[in-house]
Amino acid sequence: MHKTLISLLTLLIAGLLIVLQPAGLTADQALAAALIMSALVFWAVSILPDHLTALIFMLAAILLSIAPPEKVFAGFSSTAMWLIFSGLVFSMAFNVTGLDRRLSDYLGSHVNGSYVKLISGVVIISVLTGFLMPSSMGRAVLLVPIAMVIADSCGFLPGSKGRTGVALAAAFGCHVPTFAVLPANVPNMVLIGSAETIHGVSFSYTEYLLLHFPVLGILKTLLIIVLLLLLFPDKPTARSATAVDAPSDPTKAAQQRRLMWVLGIALLFWFTDSIHHISPAWVGLAAAVFLLLPRVGLVDNKTFNDKMNFSLMVFIAGILALGTLISSTGLGQVLASAINGLLPLTPGEDLLNYAALSATSILTALVATLPGVPAVLTPFADQMAAASGLSLKAILMTQVIGFSTLLMPYQSGPMLVALKLSGESLKRATQFCLAQGVLSIVLLLPLNFLWWQYLQWL
C-alpha cells in the first residue's frame, strides 16, 4: 500500500514540476526534471523492477522529445556498458572453472573465525585494487562475485548481517576510497580532462594522491571498516587450511590456469593503459570474446544464455541515460548557476570558503550524480576562484570532496552495479551509504581542511 501512495505522490510532484516550471526551467527542463525525479524514486523504493523502470524512463524521454534516441540509448554504446558485459563473462568463467570458490577458500582460510579480519581484508584488498585496475565498474564486477562466494563459504545466509557486511565491504571498498587515486574512477578523469581543456590546468598523479589519499583514501577506508563492523556484526564459520588445496580434477585445474592467464593479460593491459591508450572496456571485451570462443574458451553457449544478466545491463543503460539527460537539457548548468550566485565566498575566509565549496560539490553530486560534478562545476571554477581568493587548482580539487562523499547509491553507476551483483537489499545499502556519507562530512571533511592547510593549498 505504501508503494502505491509513494507512486501517486511522486506523480503528483512530477506533474507540478511540469506545470509550474520552477526556478525558471524551460519546458524541456521541467519535463526532464519530473522524469528524472520519478525514476529515482521508483528505483529507490523498488516500485517496479529496476530494468522496467529504466525502460519506461528511456521510452518516456523519447516520446516526450526530451532527447533524441541516440542520446537516450547512448548507454548501450558506452565503454561502461561493455566493461560490465566483460565483467559478467569473467564472473561466469570464475564460476564454471571453480576459481571463485578456490580464491574464496584461500581468503576464507585466513579469516580463522574473525569477522574483523574478514571485513577489513575485503575492504583493504578492494581499495588496493584501485591502484592496479583503472575502472571502478571493472573492479566491482570482478570483486563482488568473489566476495559473495566468500560470504557463502563463511556460512552467511541471504539476509544475514554478515552477508550484507561482506557485500558492502566489496562494493564500497572498490569504489569510494579510490576517488583519491587519480586514474581509478570516471569522475576523477572527467575532472582532470575538463580542467585541462577549459582552464589549461593539469595535475600530476603524485600531487593528486598526496592531496587526497591520506584523508579521503586511508581515513575513509578505516571509517567504512568500523561502520560495517558496528552496523552489521556477525561471526563467520571457521575455515580449515585444506580448503585451499588445488582441485583434484585435472581438467578444472587446467581451466583455472587458463583463466588466470587471460585475467593476467587483461590486467597487464589495464595497468598500462596510459602507454597503449586502449580503453579498459575494449581490453575487457577482447578477453570476454576469447572466453566465449568454442573449444578454447571457458564459457559455453548454455552458460552464457542462462547466466547473462541482461536486466542489469538495461538498468545501467537507464542510469547512464539519466546522466545524459541532466547534461543535455542543461539542468546541471541551471543548478550550478543558482548555487554559484548564493555561495558566501569571501577572500581570506578559508574555512568558510572550504565549507561552501564542499557543500556545493556534495549537493551537485546529489542532483547531477558523481560524474556530473566536474561536468557541471568546472566551467565556473575561475569565477569561484576570483570570488574566494583561492587558487584555481584548490577550487577544482574541492570537487573531489563532492564526488567522493557518496550519500545515496543512485549517485554512482558502479555502486549500483556492485549492489545488484551482490543481491543485497537496496534499503540496507542506502542506510549504510547515508551513514558513512554523513560521518564523512562531520569527521573527515574538517580533517581534510586541516590537511590542505598543512600542505598550504588553502
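What you are looking at is a predicted structure, and each value in this text was computed from that prediction instead of being measured.

Across its 19 residues, helix H18 (residues 350-368) extends 26 Å between first and last C-alpha, which sits within 8% of the 27 Å expected from 1.5 Å per residue. Within H18 the residues assigned to the buried category are Asn353, Tyr354, Ala356, Leu357, Ser358, Thr360, Ser361, Ile362, Thr364, Ala365 and Ala368. The first or second residue beyond H18 is Thr369, which carries a positive phi of 65°.

This brings us to the packing of aromatic side chains. Inspection of the entire model under this criterion finds 12 aromatic pairs. Between Tyr354 and Phe449, the ring centres sit 5.2 Å apart and the planes meet at 55°, which makes this aromatic pair tilted. Placement of the pair is Tyr354 in helix H18 and Phe449 in helix H23 (residues 426-454), with a sequence separation of 95 residues. Residues Tyr354 and Phe449 agree in their burial class; the two are buried. Seen from their ring centres, Trp451 and Tyr454 are 5.6 Å apart, and the 25° between their planes marks the pair as stacked. Here Trp451 and its partner Tyr454 are both found in helix H23, three residues apart, which amounts to about one turn of the helix.

A surface patch of nonpolar side chains, about 670 Å² in accessible area, is lined by Leu9, Leu12, Ile13, Leu16, Ile18, Val19 and Leu20. Looking at the element boundaries, Val19 is found in helix H1 (residues 2-20). Of the residues examined, Val19 reaches a relative accessible area of 66% and is grouped as exposed.

Throughout the structure, instances matching the rule amount to five salt bridges. Here Lys393 ties to Glu207 by a salt bridge, and the two come within 3.1 Å at their closest N and O atoms. Within this pair, whereas Lys393 is found in helix H21 (residues 392-404), its partner Glu207 is found in helix H11 (residues 205-231), the two being separated by 186 residues in sequence. Accessibility expressed as a relative area gives 25% for Glu207, which makes it partly exposed. With a shortest N-O distance of 2.8 Å, Asp306 and Lys302 are connected by a salt bridge. Of the two residues, Asp306 and Lys302 are both situated in helix H15 (residues 301-307); the distance of four residues between them amounts to about one turn of the helix. Each of the two residues, Asp306 as well as Lys302, counts as exposed. One continuous salt-bridge network, built from bridges that share partners, spans Asp152, Arg163 and Glu424.

Right, let's talk about the nonpolar core for a bit. Note on soluble globular proteins: their nonpolar side chains tend to be buried together. In terms of nonpolar packing, the biggest core is built from 148 residues, with Phe57, Phe90, Phe172, Leu228, Leu325 and Met397 touching the most fellow members. The contact partners of Leu228, leaving out residues within four places of it in the chain, are Ile119, Val123, Gly165, Leu168, Ala169, Pro233 and Phe432.

Cut-offs applied
Residues numbered from 1 in each chain as written. Predicted model: local features only at pLDDT ≥ 70, side-chain atom pairs only at ≥ 80, totals over all residues. Heavy atoms only, no water. Helix = DSSP H or I, 4+ residues; strand = E, 2+ residues; numbered from the N terminus. Expected span 1.5 Å × (residues − 1). Buried < 20%, exposed > 50% of the residue type's maximum accessible area, 1.4 Å probe, protein only. Phe/Tyr/Trp six-rings, centres within 6.5 Å; stacked < 30°, edge-to-face > 60°. Patch = residues over 30% accessible without salt bridge, like charges linked within 9 Å, V, L, I, M, F, W, Y side chains within 5 Å. Areas by Shrake-Rupley, 256 points an atom, 1.4 Å probe, with all protein chains shown as cover. Salt bridge = Lys/Arg side-chain N within 4 Å of Asp/Glu carboxyl O. Core = buried A, V, L, I, M, F, W, Y, C linked by side-chain atoms within 4.5 Å. Contact = heavy atoms within 4.5 Å.

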